[in-house]
Amino acid sequence: MNPMRRALAALCLMPLPALAGTYPDRPVRVVVPFAVGGAADTVARAVAHKLGEALGQTFIVDNRAGANSMIGSELVARAAPDGYTLLMQLGPPHNTLPFFSRNVPYDPVKDFTPVAMIGTAPQAMVVNAALPVKDLKEFLAYAKARPGKLSYGTSGVGSSQQLGGELLKASTGIDMIHVPYKGGAPALNDVVGGQVPVGILVLSNVLPHVKAGKLRLLGVLQAERAKAAPEVPTLAQAGLAGFAVPDTWVGLLGPAGMPPAVVEKLRGGIEDALASPDLQERLETAGFEVAAHPSPATFASLLASSVDTYRGIVAKAGIQPE
């Protein structure tokens, strides 16, 4: 065997952890399972640029939209776990798809390596200003007196917004009709216009309309107050003790079994990137706050626990996969 072939053979036999020291030595693909211009795409392009600067290699964004993100996610789940094919995903839908579809071709936890949670998007409950309620307590009394008469708009089926609404219904006994939209913008427009009286939507998107007096903000759905509006209580603080839905996140994942050294190199690059004001601004524009704890371990814990939490909400709501 000539020297070149011996070298190639040795390289092929070398375990992935040993190769991690030279990572990345060729371009890295970042799959976005949504169309160009959406929240995940905006974040992916900003992060890819920063990672390229930090790690000295090109990070290429590859949009593979379709099937509510399943097409792009399956591509990454089936890829080699060498760090050269990554996924910029949103959760939900990543951690809720199995509850709404029988045909998800991967496990959202077991088939992926969490690399870093990049940002979280607080979700808020709002009502049209014409609805005669000032706070959550008055809203619940109003809704209980009108079973089946109120509807709430969200960005779509399987969203954290829908599941937050289902948890609210199960926790309080109120009966509201879910109106799913194809995105948050049309849902917000109809809540502002009064066609739908209630909305569960991204906090940053509703705040301008709250300040303009067109919407009334009743609280945020997560366990902690939002950095963007620290004066706004959580729904738990507003009177629903124990109420909370998992953080809605944007994060970077890879196939299961990625070498820890590669994960650590990517995490370090992302942590440095998150300190830059321009990336923080891009995240804010996309509706996210910088993740307080971007580590792989924290991300993995949130991913696993959120699946369990959403499974409980879906069971209470009687939702069956189609």
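Our subject is the structure that appears above.
Residues numbered from 1 in each chain as written. Predicted model: local features only at pLDDT ≥ 70, side-chain atom pairs only at ≥ 80, totals over all residues. Heavy atoms only, no water.

Chemist: Is there a simple way to explain the layout of surface pockets in this structure?
Modeler: Of the volumes computed, that of the largest pocket is approximately 830 Å³. Contributing to the lining of the largest pocket are 33 residues, with Leu90, Ser155, Gln161, Gly183 and Gly184 lying nearest its centre. For the lining of the largest pocket, the elements supplying multiple residues, two or more each, are helix H3 (39-55), helix H6 (160-172), helix H7 (184-193) and strand E8 (198-202). Counting residues per element, the lining of the largest pocket draws most heavily on H7, at five residues. Considered class by class, the residues forming the lining of the largest pocket number 17 nonpolar, 15 polar and one charged. As for the second largest pocket, its lining consists of 25 residues, and the residues nearest its centre are Thr120, Gln222, Glu224, Asp247 and Ala292. Counting only elements with at least two residues in the lining of the second largest pocket, the list comes to strand E4 (112-120), strand E11 (289-290) and helix H11 (296-317). (1 Å grid on protein atoms, 1.4 Å probe; cavity = no way out; pocket = protein on both sides within 12 Å on 5 of 7 lines; lining within 4 Å. Points joined across faces, edges and corners; volume = space filled by probe spheres on them. Helix = DSSP H or I, 4+ residues; strand = E, 2+ residues; numbered from the N terminus. Nonpolar A, V, L, I, M, F, W, Y, C, P; charged D, E, K, R; others polar.)

Chemist: Explanation requested: the sheet that holds E8 in the structure shown.
Modeler: Note on sheets: strands pair through backbone hydrogen bonds, and any given pair is parallel or antiparallel. An order of E7-E6-E8-E5-E9 is seen for the five strands of this open sheet, with the pairing classed as mixed. On the outer flanks of this sheet lie strand E7 (176-180) and strand E9 (215-220), each paired with one strand and no other. Averaged over neighbouring strand pairs, the angle between their axes works out to 25° when direction is ignored. Here five bridges tie strand E6 (residues 150-154) to E7, and the two strands are oriented parallel to one another. Opposite Leu150, over in E7, you have Met176 as the bridge partner. Sheet strands in contact with H6 are strand E5 (123-128), E6, E7 and E8, and its direction is about 150° off that of E6. (Pairing = 2+ DSSP bridges. Axes fitted to C-alpha atoms, helices over the stretch in contact; angles between N-to-C directions. Contact = heavy atoms within 4.5 Å.)

Chemist: What am I meant to see in the sheet that holds strand E10 (residues 249-255) here?
Modeler: The strand order E2-E1-E3-E10-E4-E11 describes an open sheet built from six strands, whose pairing is mixed. Two strands bound the open sheet, and with one partner strand each, they are strand E2 (59-63) and E11. Summarising the sheet, E4 and E11 pair through two bridges and their orientation is antiparallel. Pairing of Thr120 across the sheet is with Glu289, part of E11. Contacts between H11 and the sheet are confined to E4 and E10, with E4 contributing the most and set at about 90° to the helix.

Chemist: Can you walk me through the packing of aromatic side chains in this structure?
Modeler: Scanning the model with the defined rule gives three aromatic pairs in all. Considering the side-chain rings of Trp249 and Phe299, the 4.9 Å spacing of their centres and the 80° angle between planes classify their relative orientation as edge-to-face. Residue Trp249 is located in strand E10, and its partner Phe299 is located in helix H11; the two are separated by 50 residues in the primary sequence. As far as burial versus exposure is concerned, Trp249 and Phe299 are alike and both buried. Positioned above the aromatic ring of Tyr84, the side-chain terminus of Arg26 is 3.6 Å from the ring centre. Sitting above the plane of the Tyr142 ring, Arg146 keeps its charged end 3.7 Å from the centroid. (Phe/Tyr/Trp six-rings, centres within 6.5 Å; stacked < 30°, edge-to-face > 60°. Buried < 20%, exposed > 50% of the residue type's maximum accessible area, 1.4 Å probe, protein only. Lys NZ or Arg CZ within 6 Å of the ring centre and 35° of its normal.)

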